[in-house]
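Examination of the molecular architecture
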Amino acid sequence: MDGSAAGSMGRVSAPARPSRNSGGDRPRRRSSGTGGGAGGGRGPGGPRRGDSLSGDELRPLYTAGGLAAASSAGLGIAVLMTLTVAGWVAAPHGAFGEDIGEVLRTAVQAWLVGHLVGFGIPGGDVAMLPLGLIVLPGLLLYRAGRRLARTCDLPRLRHVFRAALAIAGPYAAIAGTLALIGQTEAVRPSMLQALIAGFCLAFGAGGAGALMQMLRDKDIAKRRLLDLMPDRPRSLLVGTLTSTGTLLATGALLFLVALTADLGEAVATTRDLGPGLVGGALLLLIQLLYVPNAVVFGLAYAVGPGFSVGAGTIVAPTGVSVGAVPAFPMLAALPDNGPAPVLSLAALGVPFLAGGLGGALTQRSAPAVVSEAAPLWGFVCGVTTGLACAALSASAGGSMGAERLAVVGPSPWQVGLITALEVGLAAAITAWVANWRYYRRSAPEAGAPAETADGAADRAPLGKAPRRERAAGASGAAAPRRGGDEPGSPRRRVRASLARVPRPRLPRRRTSDEDEDFFGITYEAGGAEAAAEQPADAAPDGDGGTEEPPLR
């Protein structure tokens, strides 16, 4: 083994591009010291995916994705079947053999509801579905994605899209099939919505699970994923999440305060229903699943448009007009008819506060070189926040049947438009002020080098003149100066002023090799193994720490 080969074993290198016919999708594995096995050895951080499974034990990606999708759907239906059977036992019923078909269809329909699949009933539709139920299939698909990443050949992070597609395709087909199975004369689930919702949920949750498992196997910190985003999209993402999170927190606070104030009415409604022990537990579970919907309703109230609980009703800061509502304990949080509660009007200032926070974080993540661009990006943050709130309003509301309950929830376009204006205006002003203050603080630091030369004589210790003056005194002649370079001259003042102007940081064009290192992540060994095999004469980092493995 020559010296160059020995020096390359201690570091991670970018792999060469494989050919189409050479099996280039297969990950590289380090050979163990005792033989040419594919398993390698176990690193100090515990077992790894490449060490736990040999090349012969790895499963085909799309076969494993289909199995993962089927197991996730089966587990979800099993859980909902248990709850359905519990509800069947608590309600008046006939023989189990006669009702087993209806119980199974009800479990399938509940599984579709968990994917936000609406269904039609005689005379109307049901589209207002509990957002909390989406947690069950989401967690199962996340778990399936992590298992898929452990058992399949995914050498690079960009292959996470392939893993997500391997789960999403079969899962969408399963959802469409169950939509056909769950149809009855009274209930008709939408097959198109089942296909779209099943694919999107499986792609998102399954892909997230596969990505987290790959990051864990490759010893990459999750925060380093932000390095893959340019500065401006990353700043908009941070600002949008902050503004939307502030509005959602306000909606949750409004709902909790209103429900606590009318808790006695909610308890009385529960007693009037008389659900019993099992029925009471199921009623409580259903209300918990609708809590995210109530939070979004509170968000719409804080923004201004409010929401409706039926045709011709409104609950907004401008006034409350509701009629008869279903006997559901959560609805006790609705205010009485008439003017809105005075304390709730304080929530109208929250969108401007959310815009201020979002604009400040948008500017902080990526300061604008041109001062006129800062308020523009702040307003863009408000627009993206409005789009997010409109999507939440569309998911939380919808029809609950025919006639009076055909309109329930906030109006998506009204919530989105007013949120974009309120949050965008506050974010634009805050971003402009924050950007101005940022460059005002950085101006003295930029001009410090220019002022150093002018004030060198003033800061010199007593009895010691600057070097040029000492040399001139030794020679007996004054040191010559170039024309116009004397302290206080116009040329020197212009130079000092130009030095205070911050220079724009232009993005550098990446080469093809850098793109390969940035978006195609391949590791021959983990960071701990590479550090352990580093040559003894290798120079350590400046701070004595171990360098993190590069993103490749």
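A short tour of the structure in this document, coming up. Only a predicted model underlies this, so the values are computations on that prediction, with no experimental measurement involved.

1. Brief notes about the overall build of the protein
Counting its regular elements, the protein contains 19 helices and 8 strands. Buried residues in the protein amount to 38% of all 552 residues. Considering only contacts in the protein between residues 6 or more positions apart, those separated by 24 or more positions represent 76%. For the protein, the accessible surface area stands at approximately 30200 Å², while carbon and sulfur atoms represent 63% of it.

2. Considering a positive patch on the surface
Positive charge collects at one region of the surface, where Arg143, Arg150, Arg216 and Lys222 lie side by side. Following the sequence through the fold, Lys222 ends up in the loop between helix H7 (191-217) and helix H8 (231-261).

3. Description of the nonpolar core
Looking at soluble globular proteins, one finds that nonpolar side chains tend to be buried together. Residues Leu61, Trp111, Leu112, Leu141, Leu148 and Tyr171 are the most contacted members of the largest nonpolar core, which totals 43 residues. Not counting residues within four places of it along the chain, the set of residues in contact with Leu148 comprises Leu61, Ala64, Gly65, Ala163 and Ile167.

4. Section: the sheet that holds strand S3 (residues 188-189)
Strand order across the open sheet formed by 4 strands is S3-S1-S2-S7, with antiparallel pairing between neighbours. The open sheet has two edge strands with one neighbour each: S3 and strand S7 (400-401). Across 3 bridges, the pairing between strand S1 (residues 119-121) and strand S2 (residues 124-126) is antiparallel. Residue pairing for S2: Phe119 is matched across the bridge by Val126.

5. Let's talk about a nonpolar patch on the surface
A cluster of nonpolar side chains, Phe379, Val383, Leu387, Trp413, Leu417 and Leu421, forms an exposed patch at the surface whose accessible area comes to about 620 Å². With respect to the helices and strands, Leu387 occurs in helix H13 (residues 373-396).

6. Some remarks on the environment of Cys381
Here Cys381 shows up in helix H13. Accessibility expressed as a relative area gives 0% for Cys381, which makes it buried. Along the chain, Cys381 and Gly359 lie 22 residues apart, while their C-alpha atoms are 7.0 Å from each other. Once residues lying within four places of it in the same chain are set aside, the contact partners of Cys381 are Leu236, Gly239, Thr240, Ser243, Gly358 and Thr362.

7. Overview of the pattern of salt bridges
Oppositely charged side chains are able to pair whenever their charged atoms sit close together. Throughout the structure, instances matching the rule amount to 2 salt bridges. Two residues, Glu102 and Arg105, come together in a salt bridge whose shortest N-O distance is 3.9 Å. Remark: Arg105 and Glu102 occur in helix H4 (residues 96-113); sequence separation between them is 3 residues, near one turn of the helix. Using a relative accessible area of 46% as the deciding quantity, one classes Glu102 as partly exposed. What makes Arg105 partly exposed here is its relative accessible area of 33%. Across the pair Arg234 and Asp231 runs a salt bridge whose closest N-O atoms are separated by 2.6 Å. Of this pair, Arg234 and Asp231 are both found in helix H8, 3 residues apart, which corresponds to roughly one turn of the helix.

Rules used in this analysis
Residues numbered from 1 in each chain as written. Predicted model: local features only at pLDDT ≥ 70, side-chain atom pairs only at ≥ 80, totals over all residues. Heavy atoms only, no water. Helix = DSSP H or I, 4+ residues; strand = E, 2+ residues; numbered from the N terminus. Buried < 20%, exposed > 50% of the residue type's maximum accessible area, 1.4 Å probe, protein only. Contact = heavy atoms within 4.5 Å. Areas by Shrake-Rupley, 256 points an atom, 1.4 Å probe, with all protein chains shown as cover. Patch = residues over 30% accessible without salt bridge, like charges linked within 9 Å, V, L, I, M, F, W, Y side chains within 5 Å. Salt bridge = Lys/Arg side-chain N within 4 Å of Asp/Glu carboxyl O. Lys, Arg positive; Asp, Glu negative; His and termini not counted. Charge placed at Lys NZ, Arg CZ, Asp CG, Glu CD. Core = buried A, V, L, I, M, F, W, Y, C linked by side-chain atoms within 4.5 Å. Pairing = 2+ DSSP bridges.

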